[in-house]
Amino acid sequence: MRPIFNIVFAVPALVVLTRWLWPLPLPLLAKIPIAVLMLAASQFHLWSRLSSGSVFAPEFPRPVVILFNWAFGMLLLLALLQLALDLGTLVAMLAHGEAIRDADAFRYAVAVLAAMLAGIGVANALRVPPVKDVTVAIRDLPSSFDGYRVVQLTDLHVSRLFTSEWAQAVVDRTNASGADLIVVTGDFIDGSVEMRRHDVAPLQRLRAPDGVYAIPGNHEYFFDYGAWMRHLSDLGFRMLPNAHAVVERGGDRLIVAGVTDLSAPGVGEAGPDLALALRGVPADAPIILLDHQPRHAHDAAARGVALQLSGHTHGGMIRGLDRLVARGNAGFVSGRYVVGGMTLYVSNGTGLWPGFALRLGVPSEITRFTLRPVA
């Protein structure tokens, strides 16, 4: 990560130091260690890079990663709350000609609130998600696929934060969901194969009658894409990089197609090629497309895809922040969208990047789709 990002991540800490900590009636000897701890927390991603060579894989003990996420999240929230308090003070001064009384009490209150919200956010991120049911009407769905169940996992981010125990719990819940087919729409991991070999091992126990299909997400390209594709295949995943598979029932067919991630060309790998993925697809078979990022959904709709399953956005993670995340993803951030007659579903994600593991108002999910014909 370039040094400029370390400076950017320090900004919330500097806001807190200058607008929250410094005005408090505390001795200087108390303020200095607090300031040092805040600045250290703001550089979580620098410490992550030093620990593993990548900001995406903090290689610390899990309690330390949890503590870093809580402290980093608290800084961000406290900075926002302090700015809101400053704005309230300014409005009070303009309206009444005097500042808010007991400003220090408000500062302590917003600190407690930020700490509580950060704790709740981390706890929400770490939970094993519930199964969320979504019914999708598919045009020209053959009768033998009426009621067919597809379960989507995405953005698992198996890491020092989302460990083998968490992965096993996700596998158990997914296997108990009654899926006919399981798909994983990318971002399996954060770390190299050697770093994550033990933690991803439970994923080989995923079971569904019609198999387990998957595509890479952008994070697979950060950690030796070729090695991960081979290892995931060895774990039993049928990878669909710009490819498709045909699922048959009683002579009827359903297509599951997948594309690579938009980040692939940046590391010399083949970028997403929908035309290649759909080459030779039977004209009468409905198509389910797996595409990690949702931003090219209009292209998929134009090619006759019936249902696109995506992730990548994590749903925006925090209510309010989702509007900003949507701007970077063609307006798609969470849930169901109708795009040119196609259904696009953007999952909030099953896990979360361990560099910012907070969820407030945006729950994680294991998504179970029930396919129905258009009435």
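Refer to the preceding data block for the structure.
Let us look at the structure shown here. (Residues numbered from 1 in each chain as written. Predicted model: local features only at pLDDT ≥ 70, side-chain atom pairs only at ≥ 80, totals over all residues. Heavy atoms only, no water.)

Next up on the list: the pattern of salt bridges. The final tally for this structure, using the stated rule, is 12 salt bridges. Put simply, R249 and D180 hold a salt bridge, and the shortest N to O gap is 3.0 Å. Of this pair, R249 sits in strand β6 (residues 243-249) while D180 sits in the loop between α6 (164-175) and β3 (181-185), and the two are 69 residues apart along the sequence. Residue R319 pairs with D322 through a salt bridge whose shortest N-O separation is 3.2 Å. (Salt bridge = Lys/Arg side-chain N within 4 Å of Asp/Glu carboxyl O. Helix = DSSP H or I, 4+ residues; strand = E, 2+ residues; numbered from the N terminus.)

For the rest of this paragraph, the subject is the sheet that holds strand β10 (residues 335-339). Spatial ordering of the open sheet is given by β6-β7-β8-β9-β11-β10, a layout of 6 strands whose pairing is mixed. At either end of the open sheet lies a strand with only one pairing partner, and these are β6 and β10. Within this sheet the neighbouring strands show an average axis-to-axis angle of 20°, counted without direction. Sheet topology note: the β10/strand β11 (residues 342-346) ladder contains 5 bridges and is antiparallel. Directly across from Y337, in β11, lies its bridge partner L344. (Pairing = 2+ DSSP bridges. Axes fitted to C-alpha atoms, helices over the stretch in contact; angles between N-to-C directions.)

Moving on, we come to the packing of helix α3 (residues 44-52) against helix α4 (residues 62-96). Interhelical geometry of α3 versus α4 gives an angle of 155° and a closest axis separation of 10 Å. By the angle between their axes, α3 is roughly antiparallel relative to α4. Judged by residue contacts, F44, H45 and W47 of α3 engage V65, F68, N69 and F72 from α4. Residue classes in the contact of α3 with α4 are distributed as 5 nonpolar, 2 polar and no charged. (Parallel < 35°, antiparallel > 145°, perpendicular 65-115°, else oblique. Contact = heavy atoms within 4.5 Å. Nonpolar A, V, L, I, M, F, W, Y, C, P; charged D, E, K, R; others polar.)

Another point: the layout of surface pockets. Taking a probe equal in size to a water molecule and rolling it over the atoms shows the remaining empty space. One number sums up the size of the largest pocket: a volume of about 700 Å³. As for the largest pocket, its lining consists of 24 residues, and the residues nearest its centre are H314, M317, V325, W353 and F356. Listing elements by their share of the lining of the largest pocket, those giving two or more residues are α1 (3-21), α4 and α11 (321-327). For the lining of the largest pocket, the element with the most residues is α11, which contributes 3 residues. (1 Å grid on protein atoms, 1.4 Å probe; cavity = no way out; pocket = protein on both sides within 12 Å on 5 of 7 lines; lining within 4 Å. Points joined across faces, edges and corners; volume = space filled by probe spheres on them.)

Once that is clear, we can look at the packing of aromatic side chains. Evaluation of the coordinates by the stated rule reveals 11 aromatic pairs. Ring centres 5.7 Å apart and planes at 50° place the aromatic pair F56 and W353 in the tilted group. Taken together, the residues F56 in the loop between α3 and α4 and W353 in the loop between β11 and β12 (366-373) connect sequence positions 297 residues apart. The class of W353 is buried, set by a relative accessible area of 18%. Among the aromatic residues, ring-to-ring pairing joins F44, F60 and F68 into one connected group. (Phe/Tyr/Trp six-rings, centres within 6.5 Å; stacked < 30°, edge-to-face > 60°. Buried < 20%, exposed > 50% of the residue type's maximum accessible area, 1.4 Å probe, protein only.)

Right, let's get into the environment of G251. In this fold, G251 is placed in the loop between β6 and β7 (252-258). With 180 residues separating them in the primary sequence, G251 and A71 have C-alpha atoms 56 Å apart.

For the rest of this paragraph, the subject is the nonpolar core. W20, L156, F188, L203 and F237 are the most contacted members of the largest nonpolar core, which has 71 residues in total. It is α4 that provides the largest number of residues to this core, a total of 9 residues. Look past the residues within four positions of F188 in its chain and what remains in contact with it is L156, H157, V158, L203, A214, I215, E220, L232, F237 and M239. Counting 24 residues, the second-largest nonpolar core is a separate cluster that includes V134, L141, V247 and I288. (Core = buried A, V, L, I, M, F, W, Y, C linked by side-chain atoms within 4.5 Å.)

Right, let's talk about α6 for a bit. For α6, built from 12 residues, the straight-helix expectation of 16 Å at 1.5 Å per residue is met to within 8% by its first-to-last C-alpha distance of 16 Å. Considered for burial, the residues of α6 that qualify are S164, W166, A167, V170, V171 and T174. Along the axis of α6, the buried residues cluster in a sector spanning 160°; they form a single face. Check the buried side of α6 and you find it contacts α5 (103-126), β2 (149-153), β3, α7 (193-200) and β12. (Expected span 1.5 Å × (residues − 1). Arc of directions from axis to C-beta.)

Next up on the list: the side chain of Q152. Relative to the elements of secondary structure, Q152 occurs in strand β2. Within the structure, the side chain of Q152 is placed 3.0 Å from the backbone oxygen of S310, a separation counted as a polar contact. Setting aside its immediate chain neighbours within four residues, Q152 contacts V183, T185, L309, S310, Y345, S347, I366, T367 and F369. (Polar contact = N/O pair within 3.5 Å; in protein donor to acceptor, adjacent residues only side chain to side chain.)

Our focus in this paragraph is the packing of helix α2 (residues 28-42) against α4. Direction vectors running N to C along α2 and α4 enclose 105°, while the axes themselves pass 9 Å from each other. Here α2 is positioned roughly perpendicular relative to α4, judged by the angle of their axes. Note on element contacts: α4 touches α2 through F68, A71, F72 and L75, opposite M38, A40, A41 and S42.

Next up on the list: the sheet that holds β2. Spatially, β1-β12-β2-β3-β4-β5 is the arrangement adopted by the 6 strands of the open sheet, whose pairing is mixed. Either end of the sheet is taken by a strand with one partner, and the two such strands are β1 (131-138) and β5 (238-239).

When we look at burial in helix α8 (residues 225-234), the residues that qualify are Y225, A227, W228, M229, H231 and L232. On its buried side, α8 packs onto α7 and β5. Positive backbone phi, at 105°, marks G236, one or two positions downstream of α8.

Below, the discussion takes up the pairing of strand β9 (residues 307-310). Of the two faces of β9, both are covered, the one formed by L307 and L309 as well as the one formed by Q308 and S310. Sheet topology places strand β8 (residues 287-290) next to β9; 3 bridges connect them, and they run parallel. By the bridge assignment for β9, L290 is matched with L309. Read from β8 through helix α10 (residues 297-302) to β9, the crossover connection turns out right-handed. Sheet analysis places β9 next to β11, joined by 4 bridges and oriented parallel. Looking at β11, one finds that L309 is bridged to Y345. (Right-handed = clockwise from strand over helix to strand, strands pointing away.)

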